[in-house]
Amino acid sequence: MSKGPLVTRTELRRRKEEADKEAQRLFEQEQREADKEYRKKEKEISNFYRKEHKKQKEVTKSRSNEQTKIRERSNTLTKAIIVVAILLAIVIFIVLNL
């Protein structure tokens, strides 16, 4: 009366291996899609910050350099004022003596 098992162990093992391969294939496909999505998002973020970085200009000035320029300009202007005052005094002296 015994006809044998409906499904043999080798058949069960084969089905289990096929199921594992299918699960592995689905996992790899999902992983690829997730990586693709991640790369796309990363690219968008890097593009955004690249644009923001382009908007910002590099700082080439410093306080000490600016203070030095101001001091030099002030000295030059002071000297020019003194020279003009001396010339004006000479002109006034010449005009009043004639």
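Remember, it's a predicted structure, so these values are computed and weren't measured experimentally.

With respect to the domain arrangement of the protein
Size of an interface, as often reported, equals the accessible area lost when the parts are brought together.
Piece 1. For the protein, the assigned domains are domain 1 (8-57) and domain 2 (60-97).
Piece 2. Each of domain 1 and domain 2 has a C-alpha centre, and these two points are 72 Å apart.

Quick look at the UniProt feature "transmembrane region" (unreviewed entry) in the protein
Piece 1. The feature "transmembrane region" (unreviewed entry), as given by UniProt, occupies residues 77-96 in the numbering adopted here.
Piece 2. Secondary structure across residues 77-96 comprises 100% helix and 0% strand; the distance between its end C-alpha atoms is 28 Å.

Regarding the pattern of salt bridges
Piece 1. Across all of its chains, the model carries five salt bridges by this definition.
Piece 2. Residue Arg 14 pairs with Glu 11 through a salt bridge whose shortest N-O separation is 2.2 Å. Of this pair, Arg 14 and Glu 11 both sit in helix α1 (residues 9-55), three residues apart, roughly one helical turn.
Piece 3. Classification of Glu 11 by relative accessible area gives partly exposed; the value is 23%.
Piece 4. The salt bridge involving Lys 69 is made with Glu 66; its shortest N-O contact spans 3.9 Å. Taken together, the residues Lys 69 and Glu 66, both in helix α2 (residues 63-97) and three residues apart, mark about one turn of the helix.
Piece 5. Take Glu 66: its relative accessible area is 27%, and that puts it in the partly exposed class.
Piece 6. A cluster of three or more residues bridged by salt bridges with shared partners is formed by Glu 11, Arg 14, Arg 15 and Glu 18.

Parameters and conventions
Residues numbered from 1 in each chain as written. Predicted model: local features only at pLDDT ≥ 70, side-chain atom pairs only at ≥ 80, totals over all residues. Heavy atoms only, no water. Domains from an automatic or database assignment. UniProt positions renumbered as here; feature names shortened; annotations may be inferred. Helix = DSSP H or I, 4+ residues; strand = E, 2+ residues; numbered from the N terminus. Salt bridge = Lys/Arg side-chain N within 4 Å of Asp/Glu carboxyl O. Buried < 20%, exposed > 50% of the residue type's maximum accessible area, 1.4 Å probe, protein only.

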